[in-house]
Amino acid sequence: MLADSLLEKLDGGRPDVLIVFASPEIDYHPLLAALEAACRPHVLVGCSSAGEFSGCATGDGSVSVMAIRTDEILFRAGLGTGLRQDFSGALEQVMPVFTGSDHPDFPYRSALVLTDALAGYVDEIIHEMMLRTGGTYQLFGGGAADDARFRQTHVFIGTEAHTDAIVVLEMLSKKPIGLGVRHGWRPGSPPLRVTEAQGTRLVSLNATSAVEAFEEHAQATGQTFNRADPLPFFLHNVIGIDTGDGYKLRVPLALDDDGSISCAAEVPVGATVHIMVADAASACDAAREAAQAALAGLDGGEHAGSLLFDCAATRLRLGRGFDDELKAVGEALGSENFAGCNTYGQIARSTGQFSGFHNCTAVVCAIPR
């Protein structure tokens with residue numbers, strides 16, 4: 001039925017690309033094979049997710065698909081495998097997908113990046129991609145998810161689902177593609193210095209254990225911090241890395257026995273950070289502003305549809321309130337013709353945007369008609 005609905009909207013035509021987001025409750029291989037057989041897309045990519053949505057319709061254990069057919073954009077997909085053992089090797093495998101210099105008549109260069117964030121190295125990969133492409137591409141996307149199980153995630157290319165891998169969809173366009181990035185969090189604590197960290201483990205802040213810093217913040221703000229069950233506190237008190245022109249967010253996920261805190265992505269030693277605060281209203285405002293910025297990036301061009309990526313932690317924190325965020329995006333776009341999913345981290349890198357790999361951030365890519 002999903003394929004029938006897609007074909008009906010395309011008037012029976014063959015899509016240039018299908019972008020698929022699927023819960024780990026779905027058996028990926030039959031799903032991808034059925035979409036491939038029925039729709040015959042030139043390119044099929046996607047990833048596993050932690051909540052899927054199509055317009056303001058959202059669900060768990062579901063599938064969301066964006067189908068695009070256009071003469072204005074060229075699509076090309078690539079795969080890199082073995083991220084954990086050799087992320088440089090995985091990057092080498094995927095870099096041939098970037099062919100913008102071969103197509104001067106398609107001057108606007110973008111790429112959708114979907115990766116196994118549990119394998120790590122996302123910031124490094126995005127930074128290296130930007131260096132190797134001379135900063136001529138805007139990158140967006142996210143880390144594949146698995147319904148907050150944090151065990152194994154997958155990226156899709158063709159009819160295959162791969163773990164420990166990265167998929168890139170090159171999008172070369174004759175018209176500008178808009179990108180908007182906002183998070184809606186603000187500092188809720190004084191500045192803190194990261195005095196020790198090991199990868200994604202935050203060991204100490206201001207030379208005291210990370211857990212003690214969070215407990216002090218809870219006491220100062222009248223909140224409850226339960227060492228036996230810290231996640232509810234963490235979802236409402238994330239880490240903001242001061243970048244000089246904004247804050248890059250990191251979600252604390254677990255408390256370790258030694259008082260360190262495991263985060264969704266790396267927090268660098270020496271960084272100045274704050275414990276951040278947000279509410280449902282600020283999350284909706286951020287998503288609305290991201291959509292508005294994406295539309296502005298079309299430079300007056302007509303909006304055909306959008307892709308939206310937001311954090312699995314945001315969905316957990318907001319619960320049913322996440323529906324309001326989707327409504328805010330639809331109102332800003334003036335259309336419910338958007339699709340996306342909740343991811344383990346969001347990717348956004350372009351001129352004038354916060355750079356690299358984010359948590360708890362709304363990323364909207366507006367596609368021109």
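Preceding this paragraph is the structure being described.
A word on the packing of aromatic side chains
Where two aromatic rings form a pair, the distance of their centres and the angle of their planes describe that pair.
Right, on to step 1. With the rule as written, the count across this model stands at 11 aromatic pairs.
Right, on to step 2. A ring pair is formed by phenylalanine 214 and phenylalanine 234, whose centres lie 5.6 Å apart and whose planes are at 85°; its orientation type is edge-to-face. Taken together, the positions of phenylalanine 214 in helix α5 (residues 210-221) and phenylalanine 234 in helix α6 (residues 231-236) put the pair 20 residues apart, joining distant regions of the chain.
Right, on to step 3. Judged by its relative accessible area of 0%, phenylalanine 234 is buried.
Right, on to step 4. In this structure an aromatic cluster arises from ring pairing among Phe214, Phe225, Phe233 and Phe234.

Quick notes on the nonpolar core
Right, on to step 1. Core analysis: the biggest nonpolar cluster contains 31 residues, and Ile19, Phe75, Leu112, Phe140, Leu169, Leu307 and Phe309 have the highest contact counts within it.
Right, on to step 2. In terms of residue count, the dominant contributor to this core is strand β11 (residues 165-173) (four residues).
Right, on to step 3. Core analysis: the next-biggest nonpolar cluster, separate from the first, contains 29 residues, Ala50, Phe106, Ala119 and Ile347 among them.

What to know about helix α2 (residues 28-39)
Right, on to step 1. If you check α2, its first and last C-alpha atoms are 16 Å apart, about what 12 residues at 1.5 Å a residue would give, namely 16 Å.
Right, on to step 2. By the burial criterion, the buried members of α2 are Tyr28, Leu31, Leu32, Leu35 and Cys39. When α2 is viewed along its axis, its buried side chains cluster within an angular range of 90° and face the same direction.
Right, on to step 3. Following α2 by one or two positions, arginine 40 has its phi on the positive side, about 50°.

Observations concerning unusual backbone geometry
Right, on to step 1. The backbone of aspartate 147 shows a phi angle near 55°, a positive value even though the residue is not glycine.
Right, on to step 2. Within the secondary structure layout, aspartate 147 lies in the loop between β8 (138-143) and β9 (155-157).

Observations regarding the state of the cysteines
Right, on to step 1. This structure, assessed with the given rule, holds zero disulfides.
Right, on to step 2. With no disulfide of its own, cysteine 311 has cysteine 360 as its nearest cysteine by sulfur position, at a separation of 4.3 Å.
Right, on to step 3. Classification of cysteine 311 as buried rests on a relative accessible area of 5%.
Right, on to step 4. By relative accessible area, which is 3% here, cysteine 360 ends up buried.

Quick notes on helix α3 (residues 87-94)
Right, on to step 1. Buried within α3 we find Gly89, Ala90, Leu91 and Val94.
Right, on to step 2. As for α3, its buried residues are in contact with β6 (73-81), α4 (122-132) and β11.

A few points about the layout of surface pockets
Right, on to step 1. Estimates place the volume of the largest pocket at around 690 Å³.
Right, on to step 2. Taken together, the elements giving at least two residues each to the lining of the largest pocket come down to α1 (2-9), β3 (52-54), β4 (57-59), β5 (63-68), β22 (303-311), β23 (338-343) and β26 (362-368).
Right, on to step 3. With six residues, β5 is the single largest residue contributor to the lining of the largest pocket.
Right, on to step 4. Its residues placed into classes, the lining of the largest pocket shows 15 nonpolar, nine polar and five charged.

Details of the sheet that holds β8
Right, on to step 1. The six strands lie next to each other as β6-β11-β7-β8-β24-β25, forming an open sheet whose pairing is mixed. Of all strands in the sheet, those bounded by a partner on one side alone are β6 and β25 (357-358).
Right, on to step 2. Of the strand pairs in this sheet, β8 and strand β24 (residues 346-349) are connected by four bridges, and their pairing is antiparallel. Looking at β24, one finds that glycine 141 is bridged to isoleucine 347.
Right, on to step 3. Docked against the sheet, α3 engages β6 and β11, running at close to 150° with respect to β6.

Focus: empty space enclosed by the protein
Right, on to step 1. Summed over all chains, the structure comprises one cavity of 30 Å³ or more.
Right, on to step 2. The calculated volume of the largest cavity comes to roughly 60 Å³.
Right, on to step 3. Lining the largest cavity are 13 residues, with His183, Ala283, Asp310, Thr314 and Cys360 sitting closest to its centre.
Right, on to step 4. Contributing elements (two or more residues each) for the lining of the largest cavity: α7 (280-296) and α8 (312-318).
Right, on to step 5. A total of three residues in the lining of the largest cavity trace back to one element, the largest contributor, which is α7.
Right, on to step 6. Residues that form the lining of the largest cavity fall into these classes: six nonpolar, three polar and four charged.

As for the pairing of strand β21 (residues 272-277)
Right, on to step 1. Sheet analysis places strand β13 (residues 186-187) next to β21, joined by two bridges and oriented antiparallel. Counterpart to proline 187 in the pairing with β21 is methionine 276.
Right, on to step 2. As paired elements, strand β14 (residues 192-198) and β21 share two bridges and run antiparallel to each other. Following the sheet pairing, leucine 192 is matched in β21 by valine 273.
Right, on to step 3. By the bridge criterion, three bridges tie strand β17 (residues 239-242) to β21 in an arrangement that is antiparallel. Directly across from isoleucine 239, in β21, lies its bridge partner isoleucine 275.

Quick word on the pattern of salt bridges
Right, on to step 1. Tallied over the full model, the rule gives 11 salt bridges.
Right, on to step 2. For arginine 132, the salt bridge goes to glutamate 128, with nearest N and O atoms at 3.1 Å. Highlighted residues: arginine 132 and glutamate 128, both in helix α4, separated by four residues, approximately one helical turn.
Right, on to step 3. Classification of arginine 132 by relative accessible area gives partly exposed; the value is 37%.
Right, on to step 4. For glutamate 128, a relative accessible area of 26% translates into the label partly exposed.
Right, on to step 5. Between glutamate 302 and arginine 369 there is a salt bridge whose closest N-O contact spans 3.0 Å.

Conventions adopted
- Starting from 1, residues in each chain are numbered consecutively following that chain's sequence as written.
- With the structure being a predicted model, the display of local features is reserved for residues of pLDDT at least 70 and the display and counting of side-chain atom pairs for 80 or more, all residues being used for whole-chain, interface and lining totals.
- Excluded from the side-chain calculations are hydrogens and water; all other atoms, namely the structure's heavy atoms, are used.
- Aromatic contacts are taken between Phe, Tyr and Trp rings whose centres are within 6.5 Å, Trp giving its six-membered ring; a plane angle under 30 degrees counts as stacked, one over 60 as edge-to-face, and the others as tilted.
- Helix numbering and strand numbering both begin at the N terminus, where a helix is a DSSP run of H or I of at least 4 residues and a strand a DSSP run of E of at least 2.
- Residue burial is assigned from relative accessible area. The probe radius is 1.4 Å, only protein chains are included, and a residue is buried under 20% of its type maximum, exposed over 50%, and partly exposed in between.
- What makes a nonpolar core is a set of buried Ala, Val, Leu, Ile, Met, Phe, Trp, Tyr and Cys residues whose side-chain atoms join them at distances within 4.5 Å.
- One fewer than the residue count of a helix, multiplied by 1.5 Å, yields its expected span.
- It is the directions from the helix axis to the C-beta atoms whose arc is reported.
- Sulfur atoms of two cysteines make up a disulfide when they are within 2.5 Å.
- The contact rule is simple, with two residues in contact once any of their heavy atoms fall within 4.5 Å.
- A 1.4 Å probe that fits into a set of points on a 1 Å grid over the protein atoms alone but cannot get out defines a cavity; an open set with protein on both sides within 12 Å along at least five of seven lines defines a pocket, and lining residues are those with an atom within 4 Å of a point.
- Grid points are joined across faces, edges and corners, and a volume is the space filled by probe spheres set on the points.
- We call Asp, Glu, Lys and Arg charged. Ala, Val, Leu, Ile, Met, Phe, Trp, Tyr, Cys and Pro are nonpolar, and the rest, Gly among them, are polar.
- Here the rule is simple: two strands pair whenever DSSP picks up at least two bridges between them.
- Between the N-to-C directions of two axes lies an angle of 0 to 180 degrees, each axis being a line fitted to C-alpha atoms and, for a helix, fitted only over the stretch in contact.
- Think of a salt bridge as a Lys or Arg side-chain nitrogen and an Asp or Glu carboxyl oxygen that are within 4 Å of each other.

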